[in-house]
There are 2 protein chains.
Amino acid sequence: MILWADYDSRRASVVDGRSRVDTLDCNRYTRAAERCWFTIDASCLTWEGQQFQGKRAIVEKLSSLPFTKIAHSITAQDHQPTPDCCILSMVVGQLKADDDPIMGFHQSFILKNINDAWVCTNDMFRLALHNFG
Amino acid sequence: MILWADYDSRRASVVDGRSRVDTLDCNRYTRAAERCWFTIDASCLTWEGQQFQGKRAIVEKLSSLPFTKIAHSITAQDHQPTPDCCILSMVVGQLKADDDPIMGFHQSFILKNINDAWVCTNDMFRLALHNFG
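Given the structure is predicted, the values throughout are model-derived calculations rather than measurements. What you see as residue numbers is a count from 1 along each chain, following the sequence as written. For this description, chains carry letters from A and ligands carry numbers from 1, given in the order in which they are written. At least 70 in pLDDT is required for a residue's local features to be given in this predicted model, at least 80 for side-chain atom pairs to be given and counted, and no such filter applies to totals for whole chains, interfaces and linings, which use all residues. Derived side-chain values reflect all non-hydrogen atoms in the structure, with water molecules and hydrogen atoms excluded from consideration.

Caption draft 1: Quick look at the environment of A128 of chain B. Per the convention used, a helix needs a DSSP run of H or I reaching at least four residues, while a strand needs a run of E reaching at least two, with both numbered from the N terminus. Among the secondary structure elements, A128 of chain B is positioned in the segment after β7 (117-127). Separated by 66 residues in the primary sequence, A128 of chain B and L62 of chain B have C-alpha atoms spaced 19 Å apart.

Caption draft 2: Inspection of the relation of the copies chain B and chain A at higher detail. Least squares is the method used to superpose the copies, on C-alpha atoms of residues holding a pLDDT of at least 70 in both. Note on the identical chains: chain B maps onto chain A by a rotation of 180 degrees and an axial translation of 0.0 Å, with an RMSD of 0.0 Å. Considering both components of the superposition, the chain copies are consistent with a two-fold axis. Note on contacts: a residue pair qualifies if any of its non-hydrogen atoms lie within 4.5 Å across the two residues. Interface overlap between copies: 100% of the residues of chain B at the interface are likewise at the interface in chain A, consistent with a symmetric, same-surface contact.

Caption draft 3: Geometry of the interface of chain B and chain A. Every contact between the two is made by 40 residues of chain B and, on the other side, 40 residues of chain A. Defined here as a combined quantity, buried area equals the accessible surface (1.4 Å probe) lost by two parts on assembly, summed across both. Taken over both partners, the interface formed by chain B and chain A buries close to 3100 Å², and the fraction arising from carbon and sulfur atoms is 58%. Salt bridges are identified by distance alone: a Lys or Arg side-chain nitrogen within 4 Å of an Asp or Glu carboxyl oxygen. The interface formed by chain B and chain A contains four salt bridges. D84 of chain A is the partner of K112 of chain B in a salt bridge, and the nearest nitrogen-oxygen pair spans 3.1 Å. Here a polar contact is recorded for every N or O atom pair within 3.5 Å, except that within protein the pair must consist of a potential hydrogen donor and a potential acceptor, and residues adjacent in sequence are included only if both atoms are side-chain atoms. Here chain B is connected to chain A by 14 residue pairs in polar contact (both at pLDDT 80 or more). Looking at the side of chain B that touches chain A, the elements with two or more residues in it are β2 (44-47), β4 (69-81), β5 (86-97), β6 (103-114) and β7 of chain B. For the side of chain B that touches chain A, the class distribution of residues is 15 nonpolar, 20 polar and five charged. Each residue receives one of three labels: charged for Asp, Glu, Lys and Arg, nonpolar for Ala, Val, Leu, Ile, Met, Phe, Trp, Tyr, Cys and Pro, and polar for the others, Gly being one of them.

Caption draft 4: The arrangement of helix α3 (residues 55-63) of chain B in detail. Residue and element names in this part refer to chain B. The buried label goes to any residue with under 20% of its type's maximum accessible area, the exposed label to any with over 50%, and the partly exposed label to all in between, with areas taken from a 1.4 Å probe on protein chains only. All of the buried residues along α3 are I58, V59, K61 and L62. Summarising the axial view, the buried residues of α3 lie within an arc of 165 degrees, below the 170-degree limit, and thus occupy one face. Residues of α3 that are exposed and point over 90 degrees away from its buried face: R56 and E60. Throughout, the arc means the angular range of directions from the helix axis out to the C-beta atoms.

Caption draft 5: Summary view of the pattern of salt bridges. Residues and elements named next belong to chain B. Under the criterion given, the structure shown has six salt bridges over all chains. For E60, the salt bridge goes to R56, with nearest N and O atoms at 3.7 Å. Of this pair, E60 and R56 are both found in helix α3, four residues apart, which corresponds to roughly one turn of the helix.

Caption draft 6: Spatial organisation of unusual backbone geometry. Residue and element names in this part refer to chain A. One non-glycine residue, D116, lies in positive phi territory at about 65 degrees. With respect to the helices and strands, D116 occurs in the loop between β6 (103-114) and β7 (117-127). What makes D116 exposed here is its relative accessible area of 75%.

Caption draft 7: Looking closely at the side chain of Q80 of chain B. With respect to the secondary-structure elements, Q80 of chain B resides in strand β4. Within the structure, the side chain of Q80 of chain B is placed 2.9 Å from the backbone oxygen of D123 of chain A, a separation counted as a polar contact. In contact with Q80 of chain B, other than residues within four places in its own chain, are C44, L45, T46, N122, D123 and M124 of chain A together with C86, I87 and L88 of chain B.

Caption draft 8: Local environment of the packing of aromatic side chains. Residue and element names in this part refer to chain B. Within 6.5 Å between ring centres, the rings of Phe, Tyr and Trp (the latter by its six-membered ring) count as paired, and their orientation is classed by plane angle as stacked under 30 degrees, edge-to-face over 60, tilted in between. All told, the structure shown has four aromatic pairs over all chains when counted by the stated rule. With 4.3 Å between their ring centres and 15 degrees between their planes, W47 and F125 make a pair best called stacked. One end of the pair, W47, is in strand β2; the other, F125, is in strand β7, with 78 residues separating them in the sequence. Neither W47 nor F125 differs from the other in exposure class; each is buried. Between F105 and F125, the ring centres sit 6.0 Å apart and the planes meet at 20 degrees, which makes this aromatic pair stacked. Separated by 20 residues along the polypeptide, F105 in strand β6 and F125 in strand β7 bring together distant segments of the chain. As far as burial versus exposure is concerned, F105 and F125 are alike and both buried.

Caption draft 9: Structural view of the nonpolar core. Take the buried Ala, Val, Leu, Ile, Met, Phe, Trp, Tyr and Cys residues and link them wherever side-chain atoms come within 4.5 Å; each set so joined is a nonpolar core. If you look at the biggest cluster of nonpolar residues, it comprises 19 residues, and the most contacted ones within it are L45, W47, L62, L95, F105 and F125 of chain A. Counting only elements with at least two residues in this core, the list comes to β2 (44-47), α3 (55-63), β4 (69-81), β5 (86-97), β6 and β7 of chain A. In terms of residue count, the dominant contributor to this core is β5 of chain A (four residues). Core analysis: the second largest hydrophobic core is formed by 18 residues, L65, F67, A97 and C120 of chain B among them.

So this is what it looks like as structure tokens:
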């Protein structure tokens, strides 16, 4: 799964266009969420239809996700520049959380360069279940 | 499927949040693509991994799609404001082109208000096949 902890990697993948397969442990994930260098107060997260805005709300949501381990595989990714000098990315793939079955997912996010740092201003995540709802 | 012909409807669905099920015929689709009021020269389209930029390239691609009839059903949609006063949308659903089997799809796009008109600056489309690649 593309987690907030992965924004540095995502930026790299915009550059090199390669897919990645990673396993993240919960500690790394939580630490990254707490640092929260990658969001701003205007940032929005929509997680399975639930909306969150601002650093605090986003960190609370991400910190509350119930899995302890997660593995993800990116199977397709698209990236575009926007007229406002951001990067729009759409990523699809598969994830496996703890001992749950493998599930498809898709995620779209916008990265914006502010003061020489890339921050995520918008993020939307859905499991692929909804294609068949 | 969310086609370029549907941007007015998409804007409406941003407002009212409802899902829609529509059948579009090819003529309507082609006419709308030719009018091309909904793109600007900076607009980007990524269609199944193929990249197109600018009105002309986008219209050519959309006009060349091989189906004659298409039905679509939106099963989940998310919308967010961006810091640059655009709207980011992610839509998932199912489509049926001509007599092909029903397929899942996901599409992300950005709408920007320019001179009191909503234009699509960025659009990415993928069939849901890629979740299982």
